[in-house]
Every structure is written in C-alpha cells, then in structure tokens.
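The chain contents come next:
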Amino acid sequence: MRKKIIAGNWKMNKTLEEGMGLVSELSNMLKDEYQGSAEVVIIPPFVHLNAVSKLIADNPRLASGAQNCSNHKSGAYTGEVSAGMIGSVGCKYVIIGHSERRQYFGEHNAWLAQKIDAVLTAGLNPIYCCGETLEERENNSHFEVLEKQISEGLFHLNDDQIKQVVVAYEPVWAIGTGKTASTAQAQEIHAFIRGLISKKYNEALAQEITIQYGGSVKAENAAELFAAPDIDGALVGGAALQSRSFVDIVKAMA
Ligand code: 13P
C-alpha cells in the first residue's frame, strides 16, 4: 500500500518558543488520539529545524522537513541553506517548488530540477509541488501546465530516484483562500499526475508514489479528500498552525 503522509507547512510563522510549544502539543495529542499509520511531517522555518527534529527524534510517527533548499552543495551563496545541512540536523523531507517560491522568488522548473537532485544526493525525500493558477484553470490550460511542471521538474530522474519523491498537488487558487478543490477536481488531477508517471516509468512504479493534496485542507474536508483513491495525504498550511486543527486532519486519515 502507498504511504500516507500528512505534512504541516508552517510557512513564515511561529517563533522558536511558539513552534516548540506546538510540536510538544502535537506529539502528545497524536500519542493519545491517533493509532493510524500515516506519517506526520512537521515543516517549520529553517531556524527551528534543529530543535524540532531533536524534540521528535524518539517518535517514529513524526518526521521533519524544510520548506526549501539551495540547488548548490556548498560555497559562496549567502543566505542559502543546502540539502546536506538540512539532513545533518535530522530532517527527512524538503519541499521543492512551492507555488509561493515559484511566484515570489522566480523559481522555475529547470532550477527546481536541480534542487530535486540536491535533495536526493543528500539522501532526503523531496516533496515536489505543482499546481495551476486560477487563470490557467479558467482558460483550461491546467493539464498542460501540470504536465510541464511534472515532466520538467522530475522526469530526468531514474526509477530508483523518482520512488523517493512525494508529489503535492496544490492548486494556487486554493492556497490560503478557504476555497478547496472539490474532491472530484482533486482526484481528477491526482489520477492525471499518476498517469503521467505511469507513462514515463511504469504503472507499478506510479502506484507507489505518494501524491498529497494541498490548498485550504481542514478537518471538515479532509476525510472526504482522503477517501479518494489517488489522494494519499495532505500538505497543510493554515490549519497546521494549531494543534487541534492539525491533529483532526491527521485523524481524518483512516
Ligand atoms: P493552506 O492550507 O493555508 O491553504 O496552504 C496550503 C499550502 O500552501 C501548504 O503548502
């Protein structure tokens, strides 16, 4: 069975003290309330990664991840953080190509392909984000946009490498807007992405890839989304900033 992953992307929120408080609460609540097998990933800002990773080190259900990394291994790149550094503090995942990175920081597919390579070389798992804007959906170019993001970002990888990748479908129009894609809309795109991977690699491999949905996921809509056959978890923004709402989303994963 495919691995189910619920990840909380804190974006640029929480001081260290607030973040550590949230992780302690999450850890305790999950211990008491969740017996399922989904992996729960905490993705705080870089400066908190070392402390968060240490705090969850003895909880096998929890993992940590970073929100971005450099495409370079090391060197004179002021302000950047390498995948190797992220791995050295105990992280397992790195988000690559979040729409906010694409939109505000000019990250494009060719650059993201290099970042994917950097993450894999460091022995970590990329969470590769893709998703169309409202305009692209309205002019019906979303399938084309997604195919370009997936093929240009990932299809240089070999079979063993692509198996390390988690894909996150995050329609830009659903991020932080309170407007979730309907389960039918999300399922359609997840099946489309799995189909692209099947065509490029093979069906058995495509069936192994975890594809998360992201965009205004809440406890109220999570169970229905998770019941869809190709939705293997969620990448949660706003609702991951509070323990109660995030734990309720995790619990929606049967
Ligand atoms: P929201 O859940 O706040 O819509 O954010 C989704 C997201 O961008 C997660 O990476």
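Quantities reported herein were computed from a predicted structural model and do not represent experimental measurements.

A few words on the overall build of the chain. The helix and strand inventory of the chain stands at 12 helices and eight strands. Seen through its principal axes, the chain has C-alpha atoms that stretch 45 × 45 × 35 Å. Expressed as a percentage of contacts within the chain between residues at least 6 apart in sequence, the contacts between residues at least 24 apart total 71%. Summed over all atoms, the accessible surface of the chain reaches about 11,200 Å², with 52% contributed by carbon and sulfur. Seen as two clouds, the 23 positive and the 29 negative side-chain charges of the chain have centres 3 Å apart.

Attention now moves to the site of the ligand. Close to the ligand lie 13 residues; Lys-11, His-98, Gly-176, Ser-216 and Gly-238 are nearest. Within the side chain of Lys-11, an N or O atom sits 2.8 Å from an oxygen atom of the ligand. Protein contact buries 94% of the 310 Å² of open area that the ligand shows by itself. Looking at the shell around the ligand residue by residue, the classes come out as four nonpolar, seven polar and two charged.

It is worth spelling out the packing of aromatic side chains at this point. Evaluation of the coordinates by the stated rule reveals three aromatic pairs. Between Phe-155 and Tyr-201 the ring centres are 5.7 Å apart and the planes differ by 80 degrees, which places this aromatic pair in the edge-to-face class. Taken together, the residues span a long stretch of sequence, with Phe-155 in the loop between helix 7 (142-154) and helix 8 (159-162) and Tyr-201 in the loop between helix 9 (183-200) and helix 10 (203-208) at a distance of 46 residues. In this structure, Phe-155 and Tyr-201 share a single accessibility class: buried. Sitting over the ring of Phe-105, Arg-101 keeps its end group 4.0 Å from the ring centre.

Among the residues of helix 2 (residues 49-56), those classed as buried are Leu-49, Val-52, Ser-53 and Ile-56. Around the axis of helix 2, the buried residues are gathered within 100 degrees of arc, so they sit on the same side. Packing partners of the buried residues in helix 2 comprise helix 1 (16-33), strand 2 (39-43), strand 3 (62-66) and helix 3 (83-88).

On to the sheet that holds strand 7 (residues 211-214), then. With parallel pairing, the eight strands of this closed barrel are ordered in space as 1-2-3-4-5-6-7-8. Between one strand and the next, the sheet's axes are offset by a mean angle of 25 degrees, whatever the strand orientation. The strands that helix 5 (residues 109-121) touches are strand 4 (93-96) and strand 5 (125-130); relative to strand 5, the one it contacts most, it runs at about 160 degrees.

This paragraph deals with the state of the cysteines. Evaluation of the coordinates by the stated rule reveals zero disulfides. Cys-69 provides the cysteine sulfur closest to Cys-91, a residue in no disulfide bond, and the two sulfurs are 11 Å apart. Cys-129 supplies the cysteine sulfur nearest to Cys-130, a cysteine that is in no disulfide, at a spacing of 7.5 Å. By relative accessible area, which is 2% here, Cys-130 ends up buried.

Here the focus is the nonpolar core. Within the largest apolar cluster, 68 residues are counted, with the highest numbers of intra-cluster contacts made by Leu-154 and Phe-226. Residue contacts for Leu-154: discarding those within four places in its chain leaves Ile-116, Tyr-128, Ile-162, Val-165, Val-167 and Tyr-201. Judged by nonpolar contacts, the second largest core, of 12 residues, contains Val-41, Ala-63, Ile-127 and Leu-235.

Looking now at the side chain of Arg-137. Relative to the helices and strands, Arg-137 is located in helix 6 (residues 134-138). Residue contacts for Arg-137: discarding those within four places in its chain leaves Glu-132, His-142, Tyr-169, Trp-173, Gln-185 and Ile-189.

A word on the pattern of salt bridges. For the structure on display, the rule yields 15 salt bridges. A salt bridge links Arg-2 to Asp-232, with the shortest nitrogen-to-oxygen separation between them at 3.0 Å. Taken together, the residues span a long stretch of sequence, with Arg-2 in the segment before strand 1 (5-9) and Asp-232 in the loop between helix 11 (219-226) and strand 8 (233-236) at a distance of 230 residues. For the pair shown, Arg-2 and Asp-232 are each scored as buried. Salt-bridge contacts for Arg-194 lead to Asp-232; the nearest nitrogen and oxygen are separated by 2.9 Å.

Calculation rules
Residues numbered from 1 in each chain as written. Predicted model: local features only at pLDDT ≥ 70, side-chain atom pairs only at ≥ 80, totals over all residues. Heavy atoms only, no water. Helix = DSSP H or I, 4+ residues; strand = E, 2+ residues; numbered from the N terminus. Contact = heavy atoms within 4.5 Å. Areas by Shrake-Rupley, 256 points an atom, 1.4 Å probe, with all protein chains shown as cover. Lys, Arg positive; Asp, Glu negative; His and termini not counted. Charge placed at Lys NZ, Arg CZ, Asp CG, Glu CD. Near = heavy atom within 4 Å. Polar contact = N/O pair within 3.5 Å; in protein donor to acceptor, adjacent residues only side chain to side chain. Nonpolar A, V, L, I, M, F, W, Y, C, P; charged D, E, K, R; others polar. Phe/Tyr/Trp six-rings, centres within 6.5 Å; stacked < 30°, edge-to-face > 60°. Buried < 20%, exposed > 50% of the residue type's maximum accessible area, 1.4 Å probe, protein only. Lys NZ or Arg CZ within 6 Å of the ring centre and 35° of its normal. Arc of directions from axis to C-beta. Pairing = 2+ DSSP bridges. Axes fitted to C-alpha atoms, helices over the stretch in contact; angles between N-to-C directions. Disulfide = S-S within 2.5 Å. Core = buried A, V, L, I, M, F, W, Y, C linked by side-chain atoms within 4.5 Å. Salt bridge = Lys/Arg side-chain N within 4 Å of Asp/Glu carboxyl O.

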